[in-house]
Amino acid sequence: MSPLVPRLALLFPLLLLAQAQSPLPLRDAAASRNLLFGAAADADEFGINPSRLLEPAYASTLGTQFNMLEPENAMKWAAIHPTQTTYNFEPGDQLVSFAQAHGMKVRGHNLCWDVYNPDWLINGSFSPTALSQIFQDHIATVVSHYNGQIVAWDVVNEAVSDSASGIGTDLKDSIWYNQPGIGQTGTGYIEQAFRWARAADPSALLFYNDYSIEQDSPKFEAVFNMAKDFVSRGVPINGIGFQMHIDAGGSYPDLTQLASNIDRLAALGLQVHITEMDAKIPAAQWTDPAALAAQATTYSSILTTCLQHPTCTAFQTWGFTDKYSWIPGATNNQYGAALPFDANYAPKPAASALLAALQSVPPQLLAANIVNAATYAGGAVAPGELVTLFGANFGPASLTGLQLDTPTHVATNLGGVEVLFDGVPASVIYSSAAQTSVIVPYEVAGATSTTVVYRANGIASPSISLPVVAGVPGLFSQNASGKGPGSVLNFDASTSAFTLNTSANPAPKGSTVVIYGTGAGLTQPAAVDGQLAPGVARQQLSVTATIAGLNAAVLYAGAAPGEVSGVTQFNVVVPATSPSGDQELIVTVGGISSPSGLTLSVE
Ligand code: XIL
């Protein structure tokens with residue numbers, strides 16, 4: 001008998017064990033949430049020597065667990081612009097190449113900070129005018145060098161004073177502000193930096209990044225006021241970075257306040273990135289299971305809050321392995337073990353907790369975010385209405401168009417996304433991370449309200465209730481904005497040809513046009529959910545139309561043969577007395593009119 005047999009049998013369980021310890025697919029879980037899930041990476045302390053990337057465990061953990069990286073130091077002034085006339089892009093380039101080779105995005109950090117500046121800059125005795133030029137050149141040079149390769153830049157880092165009152169925006173003293181400054185008052189230098197960054201890379205998101213702004217504080221108010229002012233004046237800012245260097249297991253930050261800060265920024269149209277999270281543990285407790293469990297809770301609670309907010313679009317840790325973390329150095333070795341992987345790259349309880357949050361935190365559905373797909377008007381829904389859901393933050397990363405599950409039926413599961421109305425799955429027209437469009441099932445007809453649940457990869461949102469009405473019409477516009485030229489075809493009776501109505505191709509007075517909309521309710525014969533309309537089926541509700549405010553005869557209102565049921569076709573005669581030019585078009589279904597602002601062109 002071969003002695004190999006028992007040995008193999010022994011090896012087998014060991015192999016299984018080894019597999020169980022293989023890297024957690026954190027980035028895969030993050031991708032299905034459309035979340036940027038990043039880690040700071042380097043380059044050494046000075047941003048100069050990217051030798052860590054040559055360490056196999058470092059590179060494989062970074063490249064398999066994260067879908068984004070941020071140079072921890074390599075793009076800071078002192079590292080990237082070491083003398084007045086030279087730039088050192090090498091370490092940053094290596095990190096960017098690594099990211100690209102591993103399908104990762106890159107956050108750029110940072111273009112302006114009060115510290116970590118090179119001696120030539122600090123000691124150069126430059127005038128404000130000269131400094132302004134140096135600042136502009138630096139931003140233009142660095143941002144252009146990485147043009148198109150950076151998903152988001154921290155344009156300005158930590159500019160607001162810790163003693164900010166929150167009334168105005170109290171800024172830290174710095175070479176950029178008043179020592180001597182670049183000749184701008186108040187937040188003018190910050191504004192200038194954002195404008196220069198935008199000019200150099202129109203595609204990168206531009207962030208202001210700071211610490212201690214993740215809960216209620218005068219400092220957050222100061223940042224908020226600055227952001228609000230910037231937004232109101234069109235200064236190009238896309239988001240705020242919450243650094244989140246915190247204690248493991250503590251009660252900071254208050255999660256309700258964190259949520260409220262994200263919500264307030266969202267109301268300004270701004271995203272939030274969690275940019276530099278670490279959760280430090282006192283030195284004596286680095287391997288204490290209770291401390292590690294508390295740390296896991298800290299990580300997962302912040303990530304959970306982020307996942308519950310569609311505008312929290314990135315979660316990033318400041319490093320990933322306890323082997324390389326700035327915390328011991330920054331705390332005189334009083335604290336450490338702040339990251340999700342230990343010094344040997346093994347996942348800690350924090351890593352498992354992050355994975356669990358990514359896999360289980362329900363997507364959030366807000367009633368206000370469900371609107372008519374043609375007009376974006378919210379409120380009640382009607383049977384068969386095409387509606388669009390915004391901000392679920394849980395769909396496929398890239399836009400996925402409808403799929404037929406039989407030759408004539410639109411599938412109700414698209415890329416893992418399902419939307420149920422009173423438990424009935426809706427056919428999905430398209431789905432992306434931020435936006436999903438579905439057809440309200442006809443089964444809601446007659447009810448006064450419907451319960452909607454969004455499900456992504458099997459994880460269901462809490463349900464919400466929406467009022468139901470018989471009809472709530474909306475007309476499609478050509479540019480999908482809900483306004484302007486409508487999706488209208490001219491019909492030429494002599495040739496039987498259909499052509500798109502435009503101001504260059506207006507409809508003659510007295511001719512028939514075909515208008516497309518949705519939300520017109522039930523048809524006779526009854527339509528079937530998600531089924532391509534086989535032929536003529538008229539709307540049950542009464543339908544009238546006006547063009548330029550004049551009554552326009554409706555020859556047909558019903559299913560658009562070949563289109564999915566729920567798309568309504570209105571054949572309308574242009575009044576002989578209509579004025580020429582772009583004229584407002586309104587259809588009224590069951591007494592409810594489509595919103596104003598949609599036009600067709602009359603010859
Ligand atoms: C830190 C790095 O981690 C250290 O290696 C370096 O010595 C100093 O800077 N806030 C920031 C980061 O925005 O750039 C800082 O990074 C940590 C605090």
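Before reading further, recall that the structure is shown in the block above.
Not measured: the values here are computed from a predicted model.

Enquirer: Now, about the overall build of the protein: what can you tell me, with residues and values included?
Expert: The secondary structure content of the protein amounts to 13 helices and 36 strands. Here the C-alpha coordinates of the protein stretch approximately 85 × 80 × 40 Å along the principal axes. Split into buried and exposed, the 603 residues of the protein put 53% on the buried side. Summarising the internal contacts of the protein: among those between residues at least 6 apart in sequence, 71% fall at separations of at least 24. Total accessible area on the protein is roughly 23900 Å²; 57% of this is exposed by carbon and sulfur atoms. Charge separation in the protein, taken as the distance between the mean sites of 21 positive and 43 negative side-chain charges, equals 2 Å.

Enquirer: Hey, could you go over the sheet that holds strand β18 (residues 428-431) for me, with residue numbers and the actual values?
Expert: Spatially, five strands are ordered β11-β12-β19-β18-β13 in an open sheet, and the strand pairing comes out antiparallel. Each having just a single partner strand, β11 (370-372) and β13 (400-401) make up the two edges of the open sheet. As paired elements, β11 and strand β12 (residues 386-390) share three bridges and run antiparallel to each other. Bridge pairing in β12 places N372 opposite V387.

Enquirer: Can you lay out helix α5 (residues 90-101) for me, pointing to particular residues and giving the numbers?
Expert: Along its twelve residues, α5 runs 16 Å from first to last C-alpha, staying within 8% of the 16 Å computed at 1.5 Å per residue. Taken from the residues just after α5, G103 is the one with a positive phi, measuring 65 degrees.

Enquirer: Give a description of the state of the cysteines that names residues and reports values.
Expert: According to the stated counting rule, one finds one disulfide in the structure shown. One disulfide bridge connects C306 with C312, the sulfur atoms lying 2.1 Å from each other. The sign of the -95 degrees torsion about the S-S bond sets the C306-C312 disulfide as left-handed. An identical accessibility class is assigned to C306 and C312; each is buried.

Enquirer: Can you break down the pairing of strand β6 (residues 239-242) residue by residue, with the values?
Expert: On a regular strand, one side chain projects to one face of the sheet and the next to the other, so that they alternate. Of the two faces of β6, the one holding G239 and G241 and the one holding I240 and F242 are both buried throughout. Strand direction decides the pairing type here: strand β5 (residues 205-210) and β6, joined by four bridges, are parallel. Bridge pairing links N209 to G241 in β6. Relative to strand β8 (residues 271-282), β6 runs parallel, the two sharing four bridges. Each bridged residue has a counterpart across the sheet, and for I240 the counterpart in β8 is V272.

Enquirer: Explain the pattern of salt bridges to me, and be specific about the residues and the numbers.
Expert: Inspection of every chain in the model, using the stated rule, returns twelve salt bridges. In this structure, K323 and E55 form a salt bridge, with 2.7 Å as the shortest nitrogen-oxygen distance. In this pair, K323 sits in the loop between β9 (312-317) and α12 (326-330) while E55 sits in the loop between β1 (36-41) and α3 (56-65), placing the two residues 268 residues apart along the sequence. The exposure class of K323 is partly exposed, given its relative accessible area of 41%.

Enquirer: Break down the packing of aromatic side chains for me, with residues and values.
Expert: Per the stated rule, a full pass over the model turns up 21 aromatic pairs. Relative to Y146, the ring of F89 lies with its centre 5.9 Å away and its plane at 85 degrees, an arrangement referred to as edge-to-face. Here Y146 lies in the loop between α7 (128-145) and β4 (152-157) and F89 lies in the loop between α4 (77-80) and α5, a separation of 57 residues in the sequence. Here Y146 falls in the buried class, since its relative accessible area comes to 1%. Ring centres 6.4 Å apart and planes at 85 degrees place the aromatic pair F220 and F242 in the edge-to-face group. Residue F220 is located in helix α9 (residues 218-232), and its partner F242 is located in strand β6; the two are separated by 22 residues in the primary sequence. Relative accessible area serves as the criterion here: at 0%, F220 is assigned to the buried category.

Enquirer: Tell me about α7, and please be specific about residues and values.
Expert: End to end, α7 covers 25 Å across 18 residues, agreeing with the expected 26 Å (1.5 Å per residue, within 8%). Within α7, the full set of buried residues consists of L131, S132, I134, F135, H138, I139, V142 and V143. Looking down the long axis of α7, one finds its buried residues gathered within 165 degrees of arc, a one-sided arrangement. Here the buried face of α7 lies against α4, α6 (119-122), β4 and α8 (188-200).

Enquirer: Just give me the short version of the nonpolar core, but keep the residues and values in it.
Expert: Judged by nonpolar contacts, the single largest core of 99 residues is most densely connected at L62, W153 and F242. Those residues in contact with L62 that sit more than four places away from it in its chain are A39, A41, L53, L69, F98, M104 and F320.

Enquirer: If you had to explain the pairing of strand β20 (residues 449-456) to someone new, which residues and values would you point to?
Expert: Relative to β20, strand β16 (residues 417-421) runs antiparallel, the two being bridged by five bridges. In the strand pairing of β20, F421 is matched with V452. Across four bridges, β20 lies against strand β22 (residues 464-467) in antiparallel orientation. Bridge pairing links T450 to L466 in β22. Where β20 and strand β21 (residues 459-460) come together, two bridges link them in antiparallel fashion. The partner of R455 across the bridge, within β21, is A460.

The rules we used
Residues numbered from 1 in each chain as written. Predicted model: local features only at pLDDT ≥ 70, side-chain atom pairs only at ≥ 80, totals over all residues. Heavy atoms only, no water. Helix = DSSP H or I, 4+ residues; strand = E, 2+ residues; numbered from the N terminus. Buried < 20%, exposed > 50% of the residue type's maximum accessible area, 1.4 Å probe, protein only. Contact = heavy atoms within 4.5 Å. Areas by Shrake-Rupley, 256 points an atom, 1.4 Å probe, with all protein chains shown as cover. Lys, Arg positive; Asp, Glu negative; His and termini not counted. Charge placed at Lys NZ, Arg CZ, Asp CG, Glu CD. Pairing = 2+ DSSP bridges. Expected span 1.5 Å × (residues − 1). Disulfide = S-S within 2.5 Å. Salt bridge = Lys/Arg side-chain N within 4 Å of Asp/Glu carboxyl O. Phe/Tyr/Trp six-rings, centres within 6.5 Å; stacked < 30°, edge-to-face > 60°. Arc of directions from axis to C-beta. Core = buried A, V, L, I, M, F, W, Y, C linked by side-chain atoms within 4.5 Å.

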